[in-house]
Amino acid sequence: MPTIITHGFVAAALGKSFSSGRIPARFWVLSVFCSVLPDADVIAFRFGIPYEDMLGHRGLSHSLVFAIVLSLLVAFAAFPRIPNGWSRFLLFVYFFVVTASHGILDAMTDGGLGVAFFAPFDGTRYFVPFQPIKVSPLGRNFFSARGLDVILSELLWVWLPVSLFTGAMVLFRKLRQRRSHLANE
């Protein structure tokens, strides 16, 4: 799995890419929360649930169904007042993408058993065809040469492209606003 730092970074970058103006702090907190929550499934190990089980790591909590349910809850329960420039549907889509991005990033790693994207209907685990991200070591092993190798692969394969995308989106929005402002003069 990529590090939780990378999952959170992707969520914040996506939020910045698609939002403008003042967004409530709860939006940013929930963005990061939704992007890292699927990894709460590691608690299953403490209950003797094996990795490959539907409730195991990268199982149901990494599925598209989980992303849909969580996104519906967040879009409807956490935002009684919808932020300016958003609709309830756009909030749902945004939080779905942020939550689903977790499984997609995990499927891009070079380790584990894959991701059960279609759980609970199908327990098959999948990887994407291109797996450039090094799987993150857990615990103290993170602070090792292998952990540094993971960070470097995440910087190259996640942080750099996401930063370029976000920068392009922000620039596009500013240019569009400027053109609109000039047209109104």
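Thresholds, definitions, all that
Residues numbered from 1 in each chain as written. Predicted model: local features only at pLDDT ≥ 70, side-chain atom pairs only at ≥ 80, totals over all residues. Heavy atoms only, no water. Salt bridge = Lys/Arg side-chain N within 4 Å of Asp/Glu carboxyl O. Helix = DSSP H or I, 4+ residues; strand = E, 2+ residues; numbered from the N terminus. Buried < 20%, exposed > 50% of the residue type's maximum accessible area, 1.4 Å probe, protein only. Patch = residues over 30% accessible without salt bridge, like charges linked within 9 Å, V, L, I, M, F, W, Y side chains within 5 Å. Areas by Shrake-Rupley, 256 points an atom, 1.4 Å probe, with all protein chains shown as cover. Core = buried A, V, L, I, M, F, W, Y, C linked by side-chain atoms within 4.5 Å. Contact = heavy atoms within 4.5 Å. Axes fitted to C-alpha atoms, helices over the stretch in contact; angles between N-to-C directions. Parallel < 35°, antiparallel > 145°, perpendicular 65-115°, else oblique. Left-handed = near helix turned anticlockwise from the far one by under 90°. Nonpolar A, V, L, I, M, F, W, Y, C, P; charged D, E, K, R; others polar. Expected span 1.5 Å × (residues − 1).

**Student:** Give me the pattern of salt bridges: which residues, what numbers.
**Tutor:** In total, this model carries 1 salt bridge according to the counting rule given. As a salt-bridge pair, aspartate 106 and arginine 58 come within 3.6 Å of each other at their nearest N and O atoms. Taken as a pair, aspartate 106 in helix H4 (residues 88-107) and arginine 58 in the loop between helix H2 (25-36) and helix H3 (64-77) lie far apart in primary sequence, 48 residues in all. Each member of the pair, aspartate 106 as well as arginine 58, carries the same accessibility label: buried.

**Student:** Quick rundown of a nonpolar patch on the surface? Include the residues and the values.
**Tutor:** A cluster of nonpolar residues, Ile68, Val69, Leu72, Leu73 and Phe76, forms a patch on the protein surface that exposes about 460 Å² of accessible area. Take leucine 72: it is sitting in helix H3. The exposure class of leucine 72 is partly exposed, given its relative accessible area of 38%.

**Student:** Tell me about the nonpolar core, residues and numbers included.
**Tutor:** Counting residues in hydrophobic clusters, the biggest one holds 24 residues, and the most contacted among them are Phe27, Val74, Phe79, Leu91, Tyr94 and Phe95. Every element with two or more residues in this core is listed here: helix H1 (4-18), H2, H3, H4 and helix H5 (145-183). Looking at which element gives the most residues to this core, the answer is H4, with 6 residues. Once residues lying within four places of it in the same chain are set aside, the contact partners of valine 74 are Leu30, Cys34, Phe79 and Phe95.

**Student:** Can you break down the environment of glycine 8 residue by residue, with the values?
**Tutor:** Its location among the elements puts glycine 8 in helix H1. A relative accessible area of 9% means that glycine 8 is categorised as buried. The spatial distance from the C-alpha of glycine 8 to the C-alpha of phenylalanine 118 is 23 Å, given a sequence separation of 110 residues.

**Student:** Quick rundown of the packing of H1 against H2? Include the residues and the values.
**Tutor:** Running from N to C, H1 and H2 point in directions that differ by 135 degrees, and their axes come no closer than 8 Å. Of the possible angle classes, the one that applies to H1 and H2 is oblique. Seen from above, H1 lies across H2 with right-handed handedness. Residues Ile4, His7, Gly8, Ala11, Ala12, Gly15 and Lys16 of H1 pack against Phe27, Trp28, Ser31, Val32, Ser35 and Val36 of H2. The class makeup of the residues in the contact of H1 with H2 is 7 nonpolar, 5 polar and 1 charged.

**Student:** Tell me about the environment of valine 162, residues and numbers included.
**Tutor:** The topology assignment puts valine 162 in helix H5. Looking at valine 162, the relative accessible area reads 18%, which means it is buried. As a C-alpha pair, valine 162 and valine 10 span 152 residues in sequence and 6.9 Å in three-dimensional space. Apart from the residues lying within four places of it in its own chain, the contact partners of valine 162 are Phe9, Val10 and Ala13.

**Student:** Pulling in residues and values, what's your account of H1?
**Tutor:** Here H1 contains 15 residues, and its C-alpha end-to-end distance of 21 Å stays within 8% of the 21 Å for a straight helix at 1.5 Å per residue. Three or more residues of H1 are buried, namely Thr6, His7, Gly8, Val10, Ala11, Ala13, Leu14, Gly15 and Ser17. The elements touched by buried residues of H1 are H2, H4 and H5.

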